[in-house]
Amino acid sequence: MTAPAATDGLPAEFRPQRSRADIIFRGVLMACAGSVLAIILGILFFLSLRSRLAWDHRGFGTLTGTLWSPSQRVYGLRGDLIGSVVIAVVALLLAAPIAIAVSLAINEYLPLRLRPPMVALVDLLAAVPSLIYGLWGLYFLNGHLFLLSKWLGHHGAAFPLFRLVSGAPTQQSEFDAGVVVAVMILPLMTSISREIMSQVPREDCEAALALGGTRWGMIVDVVLPFSRNGVISGALLAFGRALGETIAVAFVLGQTSVVTSHILNQGGGSMSAAIANYFAGSSKLEQSSLTLGALALFVGTLSVGVLARLTVARTARKAAR
Amino acid sequence: MTILAGPPDGPLSTGGTVLPGVAPGPEDHPRRVAFDRQRVIELSASGVSAAALVWTPFHLLGLNAPFGFFVCWFTAYATIYGIVVRQRYGPIEFKDALATFMITAGLLVALLPLILLTTYVIGKGFATFKAGLPGFPLLTKDFAHFSTTSKITDGGFKAALIGSMEQVGVATIPAVVIGVLAATYINEIGGRFAGAVRMTADAMTGLPSIIAGLFVYSFWVLPRAPHGFSGLAASMALFVVMLPVVVRTAEEVLRLVAGSLREAALALGAPEWRMVLQVVIPTARTGLVTAALLGVARAFGETAPVILTAFGSPRTQWNLAAGPQDDLPFRIYTLVRSPGAQNVQIAWGGALLLMVVILTLFTLARVLGTGRPGVRRGGALLARLRRPTKA
C-alpha cells in the first residue's frame, strides 16, 4: 500500500538506490517486528523447558489424569482443562446473543445522539481490569446468583447439566464463574461486532429500506450476511479471552479441580485459576505440571486467536472483491 | 438524500407530507422513525396486561418466586405484544416488532450488570475513602505495620502505587518504542513477514496474562531463585502484555496517515527513514499517544502476570531491582484472599483507586484519539524536509 512497494517491480536501473541509512533503518524495524515473534517463540520454548519434568513423570497423563493429589505425587489436570472450557462456553453462550443485540442496537436502533456515548461506554467497560469484575462477582453476584442457580436447578432439571446435587451449595460454581466472565467478555465482543457491522455499506441498507423492507428485514438480509464472519471472529476472540481469564475466575470459583457435570453446584476447575491458586509455594513437580497445563492453555488460546484472525481475513477479502 | 420511510406500523410518508401516525423526525434522518404514539400504547398495554395475567395465578397460588415471575412475565409480554402487532399489521411487521422488542431487551440486560458493577464498586470504595478521612491513609500508608487486629486506617496503597507506577513505567518505554516500530514495519514495509508478525500480535492480545507471568517466572525468576522476584520481573511480564496492544493500535493509527504524504516526502527526495520518522510518525503522533495510553491502562490493571513475578511486599520498596515489590492490583488481590473483614474493606478502596486510574488513562486516550491524524500538519512537516537537517 505504500510507495516503496510500487517500485519493487521496476527494472534495476529505475529502482531507487537504498542508502546505507535506509538499510539500517529497515533492519531496526525488522528487528522490532521480529521481537513479537521472538516473544511467542520464547514463551513456547520456556514453557516447554519447564514442563519437561512433568512430561517425563507422566507424559500425557498429566493433562488427562483426573486426580490432583500432591501427597501421592500424582498431578492430573483434566478437571481444570475441562473446567476452563466449560466456563468459557457458558460465558460465550450468555454473552454472544446479548453482544449481537447490543451491537445491532447501537448501529441500527438507538437514536443517533445516544450512539457515541454508548460506544464510549462499551469501550470503557472493555478496559476495566478483570480484578474489578472478580471482586464484584465474589461479593455482589455470588450473593444473588445462587437464587438463580437454585431456580434453574429446580425447573430445568430436565437438562442434564442443570441437575443439582441435593444439599450441596449452589455458590461459587462453574456457572457463576461463567456469568462473571460473560459480563467481562460482553464489551469485548460487542465492540468487535459493532465495528464490523458499522462497515456494512450504507447504500445496501438504504436500498433494502427503499424496497419497502422492514428494519429487521434489512438486518437479516443485509447487515448479518455482510458481518457474519466478523461476528464469528469476535465471538472466537471473546472465547479465547474467556478461556484464559484468571483473576475473576480465581475469585469466583470455589476451585476443586475435579471433572464435574454439575455446573450449578459449588466446585469445578479452571486451568488459569489453578496456576494463580496453586503455583506459589508448591513443589517442583507440581509447578512443572501446572506449566504443562499452561502450555496447553497457551496453544489453545493461540489457535483460537489465529482462527479468529483468519475468519476476519476472509471477510476483508470478500469486501475487497 | 432524504429517505423518509414510515415506521413499520405506519403508512409511508411521501414527499414531505407527514401522514397521521408518523411522528415528524429530523429532516435529514435516513432511518425509520423510532417512536410513535401507537407503538408506545401497544407496548405499555401489553406489558401491563402481561403483568396482570401473570400476577393473578402467582398471587392466588401464593408463590413467592421473583425469578419465576420475571421469566413468566417476560414471556407473556413478548407473546401478547406479538399477537397485538400480528393482528394489527400482519406477519412481516410482526417479525420486525418482535426483533425490536428482543434487541431492546438485550440492551437492557447488558446494561443491568454494568450499572450494578459500577455503582457497587464506587459505593464500596467511597465508603472506605470516607472512613479514612481526614488524611488519606489509602495513599500515604503501606502495610508494613498491618496485622489482623489493625483498623482500616492503618494500611494503605502507598507501596502498591509506587510499585505499580515503576513497573508499568519501565515496561512502557520499550513496549511503546518497539511496538510503534513494529507497527511501522507492518504498515510501511509489509510483505509476508509483516503479515506473520501482525497475525501473531493479534493472537497475542488474547494471550492469558497469567502465561506472561509464568513465562517471566520460567526464564528470569526461577534461575535466580530465591532472589528472583522483583519489580523488574513484573515489568518484563507487563511488557509482554502491553506489546501486542501497542502494536495493534499503532498499526491502525498509522494506516490512517494519508498515502499522498508519504509520496510527497519521497518525491521531495527524502530517504525512507526520514519519510517515516519525520512525516509519518509525527503525523500520527496523537494516535500513537492513544495507543501507548491504552497499553498503559491494560498493563496497570493486570494482576495475573504480577503474582508470579513481583511477589508483593508490605513495605514501601522504591528499588525496582531489589527483591519483591508491591503492585496495586496484586495488593488488592492479596487483601481479598487473606482473612479479615478490614482487609476486604481496604481492598475496595484500592479497587476504586484502580478504577479512577484506568478511567483517567482511558478518557485521556479517548480525548486525544478522537481527532483524525493531522493531515494539515503534514504540509508543515514536508516543508521541514526541504531544509537540510540540523542534527
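Structure: above.
So, a few notes on the structure that sits alongside this text. (Residues numbered from 1 in each chain as written. Chains lettered and ligands numbered in written order. Predicted model: local features only at pLDDT ≥ 70, side-chain atom pairs only at ≥ 80, totals over all residues. Heavy atoms only, no water.)

Below, the discussion takes up the packing of aromatic side chains. All chains considered together, the criterion is met by 23 aromatic pairs over all chains. Ring centres of A:F251 and B:Y333 lie 5.5 Å apart, and the angle between their planes is 35 degrees; on these two criteria the pair is classed as tilted. One end of the pair, A:F251, is in helix α10 (residues 247–252); the other, B:Y333, is in helix α13 (residues 328–337), on a second chain. Every member of this aromatic cluster is reached through a ring pair, and the members are B:F70, B:W73, B:F74, B:Y77, B:Y81 and B:F101. When the ring centre of B:F94 is taken as reference, the NZ or CZ atom of B:R86 above it lies at 5.5 Å. Over the aromatic face of B:W220 sits the side chain of B:R224, whose NZ or CZ is 3.6 Å from the ring centroid. (Phe/Tyr/Trp six-rings, centres within 6.5 Å; stacked < 30°, edge-to-face > 60°. Helix = DSSP H or I, 4+ residues; strand = E, 2+ residues; numbered from the N terminus. Lys NZ or Arg CZ within 6 Å of the ring centre and 35° of its normal.)

This part takes up the pattern of salt bridges. What the rule picks out here adds up to 16 salt bridges over all chains. In this structure, the salt-bridge partner of B:D326 is B:R331, at a minimum N-O distance of 2.8 Å. For B:R331, a relative accessible area of 9% corresponds to the buried category. Counted as one network, the salt bridges with shared partners bring together A:R309, B:R198, B:D202, B:R248, B:E251, B:E252 and B:R255. (Salt bridge = Lys/Arg side-chain N within 4 Å of Asp/Glu carboxyl O. Buried < 20%, exposed > 50% of the residue type's maximum accessible area, 1.4 Å probe, protein only.)

This part takes up empty space enclosed by the protein. In the structure shown here, the tally under the stated rule is five cavities of 30 Å³ or more. There is about 80 Å³ of room inside the largest cavity. Looking at the largest cavity, the residues that line it are A:V102, A:M118, A:L121, A:V122, A:L125, A:L186, A:P187, A:T190, B:A110, B:L111 and B:L114. The set of elements that each furnish at least two residues to the lining of the largest cavity consists of α5 (115–127) and α7 (174–197) of chain A together with α3 (91–131) of chain B. (1 Å grid on protein atoms, 1.4 Å probe; cavity = no way out; pocket = protein on both sides within 12 Å on 5 of 7 lines; lining within 4 Å. Points joined across faces, edges and corners; volume = space filled by probe spheres on them.)

This part covers the side chain of B:T303. Residue position: B:T303 is located in the loop between α11 (285–300) and α12 (304–307). According to the relative accessible area criterion, B:T303 is buried, its value standing at 1%. Residues within four places of B:T303 in sequence aside, it is in contact with A:L131, A:I247, B:P329, B:F330 and B:Y333. (Contact = heavy atoms within 4.5 Å.)

This brings us to the environment of B:T140. You can see B:T140 is positioned in helix α4 (residues 137–140). Between the alpha carbons of B:T140 and B:A159 there is a distance of 8.7 Å; along the sequence they are 19 residues apart.

Looking now at unusual backbone geometry. Glycine aside, residues mostly have negative phi angles, and peptide bonds mostly take the trans form. Even without glycine at this site, B:F311 takes up a positive phi of about 75 degrees. Examined against the element boundaries, B:F311 turns out to sit in the loop between α12 and α13.

Take helix α9 (residues 215–244) of chain A next. End to end, α9(A) covers just 38 Å across 30 residues, shorter than the expected 44 Å (1.5 Å per residue, more than 12% under). The axis of α9(A) is deflected most strongly, by about 60 degrees, at A:R228. (Expected span 1.5 Å × (residues − 1). Bend = angle between axes of the 7 residues up to and from the residue.)

With 90 residues of chain A at the interface, the matching set in chain B holds 92 residues. Taking both sides of the interface into account, the surface hidden between chain A and chain B amounts to around 8500 Å²; carbon and sulfur atoms contribute 78%. Residue B:D202 pairs with A:R309 through a salt bridge whose shortest N-O separation is 3.0 Å. Where chain A touches chain B, the interface holds twelve residue pairs in polar contact (both at pLDDT 80 or more). For the side of chain A that touches chain B, the element with the highest residue contribution is helix α2 (residues 20–58) of chain A, accounting for 20 residues. Of the residues belonging to the side of chain A that touches chain B, the class tally is 61 nonpolar, 17 polar and twelve charged. (Buried area = accessible area lost by both parts, 1.4 Å probe. Polar contact = N/O pair within 3.5 Å; in protein donor to acceptor, adjacent residues only side chain to side chain. Nonpolar A, V, L, I, M, F, W, Y, C, P; charged D, E, K, R; others polar.)

Distances and angles like these do not, on their own, reveal function.
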